[in-house]
Amino acid sequence: MAISTPTDGGASLQGEAKARLVQRMFNRIVPGYDLMNRLMTAGMDLRWRRLAARLAQPFAAQVLDIATGTGDLALELWHQGAATVIAGDFAVHMLQVAQQKLPESIPLLLADAQNLPFADASFDCVTHAFLLRNLSDLDAGLREMRRVLRSGGRLVCLEITRPEPGIFAHLFNFYFYRFVPALGGAITGQRAAYHYLPHSLTTFPRPYQLAERLIQAGFSSVHYQLLGFGAVAIHIAIA
Ligand SMILES: C[S@@+](CC[C@H](N)C(=O)[O-])C[C@H]1O[C@@H](n2cnc3c(N)ncnc32)[C@H](O)[C@@H]1O
């Protein structure tokens, strides 16, 4: 059994314990969440979501943005002409902030990415940003996303990833494991959550490994792009 330590913010928990910790944590960090995203990434996160939305090819499509959080990716998908965007998350306080940003035509849904309340083949696209590290069962989550996509539909996953070893990886590790928890603690008062954030990446699959897991989950082809000096990846998987 994994034992969570005070310094990993609970990232080593598994199963239901991890799911409940993640849900509680995101409900608590809502007030400073958007500000921290902008500060941590120097505003790049908005550009990454815009690109992820473009890669989803949302024009006239039925789209599910799961783990929508405060709704930034759902809003981008809507701006890019999706016929329908459903914005789902399992943290109700996140959805309350999303509701203030999103037009009324985007329905909000309290839903678990690992148990989606939709029939098979309901969507042309499923998207998510910064979800996968948080799942208690990554493979079950990927299979569930495949299930709700029609054949030929697209899954777009925007996620932080570990840069390849080298000078940038050293800088990234200092920034992500030392500076971000201190900044997050100071800005949001939720230091544990910003300890959890880097530690949730420590055992997360590398981009090529995630591509393999997507194939194992039933996708027929996968490719990915690295951004942010190799610290961010967008995977595009075809159902
Ligand atoms: C880092 S935030 C990302 C939010 C948003 N996508 C963004 O780009 O800012 C992760 C989100 O995933 C949600 N989440 C984590 N696990 C989930 C699950 N199993 N089902 C639904 N939402 C989940 C959290 O509640 C949180 O809102």
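From a predicted model like this one, the values you see are computed outputs, not experimental measurements.

J.: Account for the overall build of the protein, naming residues and giving values.
T.: Along the backbone of the protein there are nine helices and seven strands. In terms of overall dimensions, the protein is globule-like: its C-alpha atoms have a radius of gyration of 17 Å, near the 18 Å expected for 239 residues. Taken along the three principal axes of its C-alpha coordinates, the protein extends 45 × 35 × 35 Å. Expressed as a percentage of the 239 residues in the protein, the buried residues total 53%.

J.: Which residues make up the environment of Leu-214, and what values do they have?
T.: Position of Leu-214 among the secondary structure elements: in helix 9 (residues 207-216). Remark: the alpha-carbon pair of Leu-214 and Ile-238, spanning 24 residues in sequence, is separated by 9.4 Å. Residue contacts for Leu-214: discarding those within four places in its chain leaves Leu-142, Leu-155, Phe-219, Val-222, His-235 and Ala-237.

J.: Got a sec to walk through the pattern of salt bridges? Specific residues and values, please.
T.: Tallied over the entire structure, the rule returns 13 salt bridges. Between Lys-101 and Asp-72 there is a salt bridge, with the nearest N and O atoms lying 2.6 Å from each other. Within this pair, whereas Lys-101 is found in helix 5 (residues 92-101), its partner Asp-72 is found in helix 4 (residues 72-79), the two being separated by 29 residues in sequence. Judged by its relative accessible area of 27%, Lys-101 is partly exposed. Residues Arg-147 and Asp-120 are paired through a salt bridge, measuring 2.8 Å at the closest nitrogen-oxygen approach. Of the two residues, Arg-147 is situated in helix 6 (residues 138-148) and Asp-120 in the loop between strand 3 (108-110) and strand 4 (123-129); the sequence distance between them amounts to 27 residues. When its relative accessible area of 26% is taken as the criterion, Arg-147 is described as partly exposed.

J.: Please set out helix 5 residue by residue, giving values where relevant.
T.: One full turn of an α-helix is made of 3.6 residues, so residues set three or four places apart face in the same direction. Considered for burial, the residues of helix 5 that qualify are Met-94, Leu-95 and Ala-98. The arc that holds the buried residues of helix 5, viewed along the axis, is 95°, so those residues lie on one side. Structural note: helix 5 exposes Gln-99 and Gln-100 on the side pointing more than 90 degrees away from its buried face. Along its buried surface, helix 5 packs onto helix 1 (15-28), helix 2 (30-41), strand 2 (84-89) and strand 3.

J.: Outline the sheet that holds strand 1 (residues 62-66), listing residues and values.
T.: Read from one edge to the other, the open sheet built from seven strands follows the order 3-2-1-4-5-7-6, with strand pairing classed as mixed. Two strands lie at the open edges of the sheet, namely strand 3 and strand 6 (221-227), each paired on one side alone. For this sheet the average axis-to-axis angle between neighbouring strands, irrespective of direction, equals 20°. One ladder, built from three bridges, connects strand 1 with strand 4; its direction is parallel. Paired with Val-63 across the bridge in strand 4 is Cys-125. Sheet strands in contact with helix 6 are strand 4 and strand 5 (149-160), and its direction is about 140° off that of strand 5.

J.: Got a sec to walk through the site of the ligand? Specific residues and values, please.
T.: Looking at the ligand, there are 20 residues lining it, with Tyr-33, Arg-49, Ala-67, Asp-89 and Ala-113 nearest. In the model, an oxygen atom of the ligand is placed 2.6 Å from a nitrogen or oxygen of the Asp-89 side chain. Contact distances for the ligand include 3.3 Å between a nitrogen atom and a backbone N or O atom of Phe-90. Considering the ligand on its own, with 590 Å² of exposed area, one finds that the protein chains cover 97% of that surface. Those elements that provide at least two residues to the shell around the ligand are helix 1 and helix 2.

J.: Please give an account of the pairing of strand 2 that cites residues and values.
T.: Across the six residues that make up strand 2, a large majority, five, are buried. Looking at chain direction, strand 1 and strand 2 are connected through five bridges and run parallel. Directly across from Asp-65, in strand 2, lies its bridge partner Ala-87. Considered for its hand, the β-α-β crossover made up of strand 1, helix 4 and strand 2 is right-handed. As paired strands, strand 2 and strand 3 are joined by three bridges and run parallel to one another. Residue pairing across strands places Gly-88 opposite Leu-109, the latter belonging to strand 3. For the segment spanning strand 2, helix 5 and strand 3, crossover handedness is right-handed.

Analysis parameters
Residues numbered from 1 in each chain as written. Predicted model: local features only at pLDDT ≥ 70, side-chain atom pairs only at ≥ 80, totals over all residues. Heavy atoms only, no water. Helix = DSSP H or I, 4+ residues; strand = E, 2+ residues; numbered from the N terminus. Rg over C-alpha atoms; globule rule 2.2 N^0.38 Å. Buried < 20%, exposed > 50% of the residue type's maximum accessible area, 1.4 Å probe, protein only. Contact = heavy atoms within 4.5 Å. Salt bridge = Lys/Arg side-chain N within 4 Å of Asp/Glu carboxyl O. Arc of directions from axis to C-beta. Pairing = 2+ DSSP bridges. Axes fitted to C-alpha atoms, helices over the stretch in contact; angles between N-to-C directions. Near = heavy atom within 4 Å. Polar contact = N/O pair within 3.5 Å; in protein donor to acceptor, adjacent residues only side chain to side chain. Areas by Shrake-Rupley, 256 points an atom, 1.4 Å probe, with all protein chains shown as cover. Right-handed = clockwise from strand over helix to strand, strands pointing away.

Structural measurements only, silent on function.
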